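# A look at the structure
For reference, the chains in residue letters:
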Amino acid sequence: MHYEPTSALGRVVNEIEETMIALILGVMTIITFVNVIARYVFNDNILWALETTVFLFAWLVLLGASYCVKTHSHLGVDAVINIVSTKTRKILAGISITATLAFCVLLMIGAWNFWAPFAALPMTNGEINDQAWYEVDDIPMLDWLRFIEASMNEGEAYEKLPRFIPYAALPIGMALLTFRVLQAAWHFATGRIDTIIAGHEAEEMVEEATQQTKQEG
């Protein structure tokens, strides 16, 4: 079970989400493969490979969190809601969705406040703490991104990639997660779902994967 996009915004978010996840997985695989070849065949090392894959993995996890809400892939515990009445189940589901949405909003605020200083943007309290000059440790600055130096680094050249670029995974990931929970809340309000996480579906998926592993073994 997953949410099919019914609006233009939903379709755009869906395409961005799935494309970025696929692209990140592909790039991580290529970088890791090339670095392994360089290390064990040519006795060399790509200095920026490890840091790049770490940042890409962070993007993958944060984007995957919202994608799992869409596909009902998060694990859920439904031991209580399965033994209560339909009316009580809806009340509990409503409380669950409200709490989850509040938590997502807090995460989004925290993510923005952490990232904003690296992009020289105001935090939620209006304060601007310019840290746009902070760079990563190993990833070199890409030439096609140097147009940002005039506005982000007072015209000074970046030697390494500015941190606000990889760190953008935080606000983007939390914004997508909040969007998916809002989408789930709307589907609950319109009667399309009765819980934000279908625990029995996740349980069936785990059981199916276990059986498949036993058969292959």
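Described below are features of the structure shown in this document. (Residues numbered from 1 in each chain as written. Predicted model: local features only at pLDDT ≥ 70, side-chain atom pairs only at ≥ 80, totals over all residues. Heavy atoms only, no water.)

### Remarks on the side chain of threonine 52
This is how it is decided: Per the convention used, a helix needs a DSSP run of H or I reaching at least four residues, while a strand needs a run of E reaching at least two, with both numbered from the N terminus. Contacts are residue-level and defined by heavy atoms, with any inter-residue pair within 4.5 Å sufficient.
Structurally, threonine 52 can be placed in helix 2 (residues 49–71). Apart from residues lying up to four places away in sequence, threonine 52 is in contact with Ile31 and Ile139.

### Here we look at the nonpolar core
The condition that has to hold: Joining through side-chain atoms within 4.5 Å is the link that ties buried Ala, Val, Leu, Ile, Met, Phe, Trp, Tyr and Cys residues into a set, and such a set is a nonpolar core. Classification of residues uses two cut-offs on accessible area relative to the type maximum, computed with a 1.4 Å probe and protein chains only: under 20% is buried, over 50% is exposed, and between them is partly exposed.
Counting residues in hydrophobic clusters, the biggest one holds 36 residues, and the most contacted among them are Ile24, Tyr158 and Phe164. Elements with a contribution of two residues or more to this core: helix 1 (8–40), helix 2, helix 3 (86–115), strand 1 (135–140) and helix 5 (169–189). For this core, the leading source of residues is helix 2, giving eight residues. When residues no more than four places from it in sequence are discounted, the contact partners of phenylalanine 164 are Trp115, Phe118, Ala119, Ile148, Met152 and Tyr158.

### Overview of the side chain of glutamate 17
Examined against the element boundaries, glutamate 17 turns out to sit in helix 1. Relative accessible area serves as the criterion here: at 0%, glutamate 17 is assigned to the buried category. Excluding residues within four positions of it along the chain, glutamate 17 makes contact with Leu63, Ser66, Tyr67, Lys70, Leu176 and Arg180.

### So, the layout of surface pockets
For the record, the criterion: Buriedness of a pocket was judged along seven lines, with at least five required to meet protein on both sides within 12 Å; pockets are open sets of points on a 1 Å grid over the protein atoms alone, cavities are sets where a 1.4 Å probe fits but cannot get out, and lining residues have an atom within 4 Å of a point. Grid points are joined across faces, edges and corners, and a volume is the space filled by probe spheres set on the points. The classification used treats Ala, Val, Leu, Ile, Met, Phe, Trp, Tyr, Cys and Pro as nonpolar, Asp, Glu, Lys and Arg as charged, and all other residues, Gly among them, as polar.
Counted as a void, the largest pocket has a volume near 550 Å³. Surrounding the largest pocket, 17 residues form its lining, Thr52, Leu56, Leu142, Leu161 and Ile165 being those nearest its centre. Contributions of two or more residues to the lining of the largest pocket are made by helix 1 and helix 2. Broken down by element, the residue count for the lining of the largest pocket peaks at five residues, all from helix 1. Split into classes, the residues belonging to the lining of the largest pocket amount to 16 nonpolar, one polar and no charged.

### Here we look at the pattern of salt bridges
What counts, and what does not: Salt bridges are defined as contacts in which a side-chain nitrogen from Lys or Arg sits within 4 Å of a carboxyl oxygen from Asp or Glu.
Enumeration over the complete set of coordinates arrives at three salt bridges. In this structure, arginine 146 engages aspartate 143 in a salt bridge whose closest nitrogen and oxygen atoms are separated by 3.2 Å. Residue glutamate 149 is joined to arginine 146 by a salt bridge in which the shortest nitrogen-to-oxygen separation is 2.5 Å. Residue glutamate 149 is classed as buried on the basis of its relative accessible area of 9%. You can call arginine 146 partly exposed: its relative accessible area is 29%. Through salt bridges that share partners, Asp143, Arg146 and Glu149 make up one connected network.

### Quick word on a nonpolar patch on the surface
The following threshold applies: Patch construction takes residues with relative accessible area above 30% that form no salt bridge. Like charges are linked within 9 Å, and nonpolar side chains (Val, Leu, Ile, Met, Phe, Trp, Tyr) are linked within 5 Å. The method behind every accessible area is Shrake-Rupley, applied with a 1.4 Å probe, and residues are considered shielded solely by the protein chains displayed.
On the surface, a nonpolar cluster with roughly 850 Å² of combined accessible area is contributed by Ile30, Phe33, Val34, Val36, Ile37, Tyr40, Val41 and Phe42. Relative accessible area serves as the criterion here: at 66%, tyrosine 40 is assigned to the exposed category.

### As for helix 3
Formally: Expected span of a helix: the number of residues minus one, times 1.5 Å.
The end-to-end C-alpha distance of helix 3, which contains 30 residues, comes to 43 Å, matching closely the 44 Å that a straight helix rising 1.5 Å per residue would cover. For helix 3, every residue scored as buried is listed here: Ala93, Gly94, Ile97, Cys104, Ala111 and Trp115. On the buried face of helix 3, the contacting elements are helix 5.

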